[in-house]
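Architecture and fold: a report
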Amino acid sequence: MKIRTLVPALLLAAATTGCATWDNLSSREKSAATGAAVGGVAGAVITDGGILGTVGGAAIGGVIGDQVGKKK
């Protein structure tokens, strides 16, 4: 795996694990955060670590996660 792909993925993973208030989040908020993390990693992998791909993937994943969490 290229370093340009690995660094954004690790940063996103670290950002989501840094949430100390995870227990206080609703199911919808947890789904949005998880979706943003997965989408960001997927966007980084697809675009070989491109910033726009990472941010775009995180945004799209967050919206999808929010909508999935709404139904729970």
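Predicted, not measured: the structure shown is a model, and the values here were computed from it. Residue indices follow the written sequence of each chain, beginning from 1 at its first position. Predicted model: local features are reported for residues with pLDDT of at least 70 only, side-chain atom pairs are reported and counted for 80 or more only, and whole-chain, interface and lining totals are derived from all residues. For the side-chain quantities, the full set of heavy atoms in the structure was used; hydrogens and water were omitted.

Some thoughts on the overall build of the protein
Secondary structure summary: the protein contains 3 helices and 0 strands in total. The linear arrangement of helices and strands in the protein, starting from the amino end, is α-α-α. Relative accessible area decides the class of each residue, using a 1.4 Å probe on protein chains only: under 20% of the type maximum gives buried, over 50% gives exposed, and in between gives partly exposed. In the protein, which comprises 72 residues, the proportion classed as buried is 31%. Working rule for contacts: check all heavy atoms of both residues, and any pair within 4.5 Å makes them a contact. In the protein, the share of contacts with a sequence separation of at least 24, taken over all contacts with a separation of at least 6, comes to 63%. What sets the accessible areas is the Shrake-Rupley method with a 1.4 Å probe; for residues, cover comes only from the shown protein chains. Surface summary for the protein: the accessible area is close to 4700 Å², and the carbon and sulfur share equals 70%. The helix and strand labels rest on DSSP assignments: H or I over at least four residues marks a helix, E over at least two residues marks a strand, and numbering proceeds from the N terminus.

Comments concerning the UniProt feature "domain: Glycine zipper 2TM" (unreviewed entry) in the protein
Within this structure's numbering, the places UniProt gives as "domain: Glycine zipper 2TM" (unreviewed entry) are residues 31-69. Here residues 31-69 is 90% helix and 0% strand, with 5 Å between the C-alpha atoms at its ends. UniProt positions are given in the numbering used here, feature names are shortened, and annotations may be inferred rather than shown by experiment.

Considerations on the environment of aspartate 48
Among the secondary structure elements, aspartate 48 is positioned in the loop between helix H2 (27-46) and helix H3 (51-70). On the basis of relative accessibility, which here comes to 44%, the residue aspartate 48 falls in the partly exposed class. Considering only alpha carbons, one finds aspartate 48 and arginine 4, 44 residues apart in sequence, at a separation of 6.7 Å. Apart from residues no more than four positions distant in its own chain, aspartate 48 is found in contact with Arg4 and Thr5.

As for the environment of glycine 40
If you trace the backbone, glycine 40 turns up in helix H2. Relative accessible area serves as the criterion here: at 1%, glycine 40 is assigned to the buried category. Between the C-alpha atom of glycine 40 and that of alanine 59, which follows or precedes it by 19 residues, the distance is 7.7 Å. Once residues within four sequence positions are removed from consideration, glycine 40 is found in contact with Leu12, Thr54, Gly57 and Ala58.

Observations regarding H3
For a helix, the expected span equals 1.5 Å multiplied by the residue count minus one. Taking 1.5 Å per residue, 20 residues should reach 28 Å; H3 reaches 28 Å between its end C-alpha atoms and fits that length. Within H3, burial applies to Gly53, Thr54, Gly57, Ala58, Gly61, Gly62, Gly65 and Gly69. Considered in projection along H3, the buried side chains sweep an arc of 160 degrees and stay on one side of the axis. Projecting away from the buried face of H3 at angles above 90 degrees are the exposed residues Leu52, Val55, Ile60 and Val63. Working definition: the arc comes from the directions between the helix axis and the C-beta atoms, pointing outward to the latter.

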